[in-house]
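Secondary and tertiary structure notes
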Amino acid sequence: MFSLRRALTLVTAVVAMAGTVLPAQAADVPAPGEIVMSPNIQHVTNVPKPEALADIHTDMAFQGDYAYVGNYYGFSIYDIKRPKRTSLVSSVVCPGGQMDMSVYGNLLFGSVDSSRNDDSCNSTSQPASVKESWEGVRIFDVSDKANPKYIKSVETNCGSHTNTLVPDRKGENVYIYVSSYSPNASFPDCQPPHDLISIIKVPLRDPTAAAVIATPNLFPDGGFGGVPGTYPNGKSATTGCHDITAYPEKGIAAGACMGDGILLDIRNPEQPKVTATVRDEANFAFWHSATFNNDGTKVIFTDELGGGTRATCNETIGPNRGANAYYDIVNGQLQFRSYFKIARHQADTENCVAHNGSLIPVKGRDIMVQAWYQGGISVVDFTDSAHPQEIAFFERGPDNTAPALSGGFWSAYYYNGYIYGSDFNLGLDVLKINDWRTNRANGVKMRSLNAQTQTSYPEHGH
């Protein structure tokens, strides 16, 4: 989602012979708050948003028996050892959106893309035009889940919209790739053209020594210049990246960088190198995020048309904008295969666009669960990347607990047998999928999940 600074159960799905979910028509928009889902999805529980966090929920990370859920006002830690009894352990009030996060060992890295008067958890908003303003990455020690401790801040150019964790091969350091964008000549610490990312090196023996060690220029030619025009026809120019997803064991990363999609060689994590670039001047308005398949031979890029605050899942916008785009990696280059967008039309009050998701670990198949804001949660099989197929979904009718166009699922991730969805206003949802295409994943146990740091699937039981 664009940063603020910058611009109970009703089953109604019909399953076709092939097992795909038939699209609902516009007249089938559920009533406000009504739950609809495919027969192969179960709604396990919902844990309401903590009262201490006054803003919207954002992204998530997982480690062991815990889920970490970001919020523009801080973050929360949940005990998910028994998913049906998911419970809140603690909340940290520390304003400064978006609080996208990564976790490693006892450390949590949270992104702040909101210009503050200082780096403390008592900070207030202050214009980025003020040189003394701060934004960047906050580091917390979460060894005591009930009492996380804020131990370090690192300021970065243009703040940190998202962050990507890249461990080194020796286990001595982790690197944080900081994505940020939208420079302005009036911002002393965020000057144009901002064709770079910031790399923070974190020595694991002394994380308080974390510091920016490099700011590589990924677009020496300036990147895509954009296409002028108002929503929905304008196309963003490249002035930084929104998300970077790393696959460290394969030495690669994929970047969604506003006007460009890129592949990176990260075998030397201190010196990432762009190896391929792709553009979509016909349909993509804003390259938002990237996900590899398990083999590292495909990339799913998402287009955040309208910044997550528009009703784009309708007949007017159509199936190819605000969608996923599937690319195969062929001889090191990106070759387009197809688009996918949920076919269930949403109400004009529902913000809906392709957003954050993760793979479901089924060896031999490529399956992804993904959030679509008020379009809900969708599970898509893209084993045939030219013909992606939705196999399950969960959604609510329009969220009438908040203003129009300001609700839904920010992210949806699969972790150790369950799907977790972070809803703006309604809290943390836990789902269970029961489908022949995904059930083999139930035996795969992950030790952690940072959606922007992919690892290959472990064997069953590990």
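Here the residue numbering is sequential within each chain, running from 1 through the sequence in written order. Selection of residues for local features in this predicted model requires a pLDDT of at least 70, selection of side-chain atom pairs for listing and counting requires 80 or more, and totals for whole chains, interfaces and linings are taken over all residues. Side-chain calculation: all heavy atoms of the structure are included, whereas hydrogens and water are not.

Some details on the overall build of the chain
Secondary structure assignment for the chain yields 0 helices and 31 strands. Its C-alpha radius of gyration of 20 Å places the chain within 12% of the 23 Å reference for a compact globule of 462 residues. With the principal axes as the frame, the chain shows a C-alpha extent of 55 × 50 × 45 Å. All accessibility values rest on the Shrake-Rupley procedure with a 1.4 Å probe; residue burial counts only the protein chains present in the view. Total accessible area computed for the chain in this model is approximately 17300 Å², and 50% of it derives from carbon and sulfur atoms. Separation between the mean location of the 36 positive side-chain charges and that of the 46 negative ones in the chain comes to 6 Å. Helix and strand labels come from DSSP, where a helix needs a run of H or I of at least four residues and a strand needs a run of E of at least two; each type is numbered from the N terminus. The globule rule used for comparison is 2.2 Å times the number of residues to the exponent 0.38, while the radius of gyration itself is calculated over C-alpha atoms. The convention is simple: Lys and Arg are positive, Asp and Glu are negative, and His and the chain ends are not counted. Charge coordinates come from a single atom per side chain, which is NZ of Lys, CZ of Arg, CG of Asp or CD of Glu.

Considerations on the sheet that holds strand β28 (residues 409–415)
Consider a sheet: its strands pair through backbone hydrogen bonds, and that pairing is either parallel or antiparallel. When DSSP locates at least two bridges between a pair of strands, those strands are taken to pair. Spatial ordering of the open sheet is given by β3-β30-β29-β28, a layout of 4 strands whose pairing is antiparallel. Looking along the sheet, the strands with just one partner apiece sit at the ends: β3 (41–47) and β28. Looking at each pair of strands side by side, their axes are set apart by 20° on average, direction ignored. Bridge analysis of β28 against strand β29 (residues 418–423) gives 6 bridges, and the strand direction is antiparallel. Residue pairing for β29: Phe 409 is matched across the bridge by Asp 423. Axes here mean lines fitted to C-alpha atoms, for a helix over just the part in contact, with angles spanning 0 to 180 degrees between N-to-C directions.

A word on the nonpolar core
Here, nonpolar core means buried Ala, Val, Leu, Ile, Met, Phe, Trp, Tyr and Cys residues that are tied together by side-chain atoms lying within 4.5 Å of each other. Think of it in three bands: with a 1.4 Å probe and only protein chains considered, a residue is buried below 20% of the maximum accessible area for its type, exposed above 50%, and partly exposed in between. Formed by 20 residues in total, the largest nonpolar core has its most connected members in Ile 41, Ile 360, Val 369, Ile 377, Val 379, Phe 394 and Ile 419. Those elements that provide at least two residues to this core are β2 (35–37), β25 (367–371), β26 (377–381), β27 (389–396), β28 and β30 (427–433). Once residues lying within four places of it in the same chain are set aside, the contact partners of Val 379 are Ile 360, Ile 367, Met 368, Val 369, Gln 389, Glu 390, Ile 391, Ala 392, Ile 419 and Ile 433. Listed in part, the 18 residues of the second largest apolar core include Ala 67, Tyr 413, Tyr 415 and Tyr 418. By definition, residues are in contact when any of their heavy atoms lie within 4.5 Å.

A short note on the sheet that holds strand β11 (residues 149–155)
Judged by pairing direction, the sheet is antiparallel, and its 4 strands sit side by side in the order β8-β9-β10-β11 without closing on themselves. Since the sheet does not close on itself, it has two edges, and those belong to β8 (98–104) and β11, each with one partner. Taken pair by pair, the neighbouring strands of this sheet meet at an average axis angle of 25°, ignoring direction. For β8 and strand β9 (residues 107–116), the ladder comprises 5 bridges, and the chain directions are antiparallel. Of the residues in β9, the one forming a bridge with Met 101 is Gly 110.

Comments concerning the confidence of the model for the chain
Scored between 0 and 100, pLDDT is the confidence that the predictor attaches to each residue. Of the residues in the chain, 93% reach a pLDDT of 70 or more, and the chain-wide mean stands at 94. Taken together, the stretch residues 2–26 has pLDDT below 50 and engages in 69 contacts with residues farther than four places along the chain or on a different chain.

Considering the side chain of Asp 243
Within the secondary structure, Asp 243 sits in strand β16 (residues 243–247). Judged by its relative accessible area of 4%, Asp 243 is buried. In protein, a polar contact means a hydrogen-donor-capable atom and an acceptor-capable atom, both N or O and within 3.5 Å, with residues adjacent in sequence counting only if both atoms are side-chain atoms; elsewhere, any N or O pair within 3.5 Å suffices. Reaching out from Asp 243, the side chain makes a polar contact with the side chain of Thr 162 at a distance of 3.4 Å. Not counting residues up to four positions away in its chain, the partners in contact with Asp 243 are Thr 162, Ser 179, Ala 254, Gly 255, Ala 256, His 288, Ser 289 and Gln 452.

What about the packing of aromatic side chains?
Centre distance within 6.5 Å is the pairing criterion for rings of Phe, Tyr and Trp, where only the six-membered ring of Trp is used; planes under 30 degrees apart are then read as stacked, over 60 as edge-to-face, and the remainder as tilted. All chains considered together, the criterion is met by 20 aromatic pairs. Ring geometry for Phe 62 against Tyr 420: centres 5.3 Å apart, planes inclined by 50°, an arrangement best described as tilted. Taken together, the residues Phe 62 in strand β4 (residues 57–63) and Tyr 420 in strand β29 connect sequence positions 358 residues apart. Classification of Tyr 420 as buried rests on a relative accessible area of 1%. By the ring-pair criterion, three or more aromatic residues cluster together here, those being Phe 284, Trp 287, Phe 301, Tyr 327, Phe 336 and Tyr 339. The ring of Phe 393 carries the charged tip of Arg 344 above its face, separated from the ring centre by 4.0 Å. Note on criteria: charge over ring means Lys NZ or Arg CZ within 6 Å of the ring centre, with the direction from the centre no more than 35 degrees off the ring normal.

Quick notes on the pairing of strand β14 (residues 198–203)
Remember that side chains alternate between the two faces of the sheet whenever the strand is regular. Pairing analysis gives 6 bridges linking strand β13 (residues 173–179) to β14, with the strands arranged antiparallel. Bridge pairing links Asn 173 to Pro 203 in β14. Note that β14 and strand β15 (residues 211–214) share 3 bridges and pair antiparallel. The residue of β15 that forms the bridge with Ile 199 is Ala 214.

Let's talk about the pairing of strand β12 (residues 162–167)
A large share of β12 lies buried, amounting to 5 of its 6 residues. Hairpin connection between β12 and β13: a loop of 5 residues separates the two successive antiparallel strands, and Gly 171 in this loop has a positive phi of roughly 75°.

Remarks on the pattern of salt bridges
For this document, the term salt bridge refers to a Lys or Arg side-chain nitrogen within 4 Å of an Asp or Glu carboxyl oxygen. Scanning the entire structure with this criterion turns up 12 salt bridges. A salt bridge links Asp 189 to Lys 131; its shortest N-O distance comes to 2.6 Å. One end of the pair, Asp 189, is in the loop between β13 and β14; the other, Lys 131, is in the loop between β9 and β10 (134–141), with 58 residues separating them in the sequence. Of the residues examined, Asp 189 reaches a relative accessible area of 24% and is grouped as partly exposed. A salt bridge links Arg 337 to Asp 328; the shortest N-O distance between them is 2.8 Å. A relative accessible area of 33% places Arg 337 in the partly exposed class. Salt bridges here are not isolated pairs; linked through shared partners, they connect Arg 344, Glu 390 and Glu 395.

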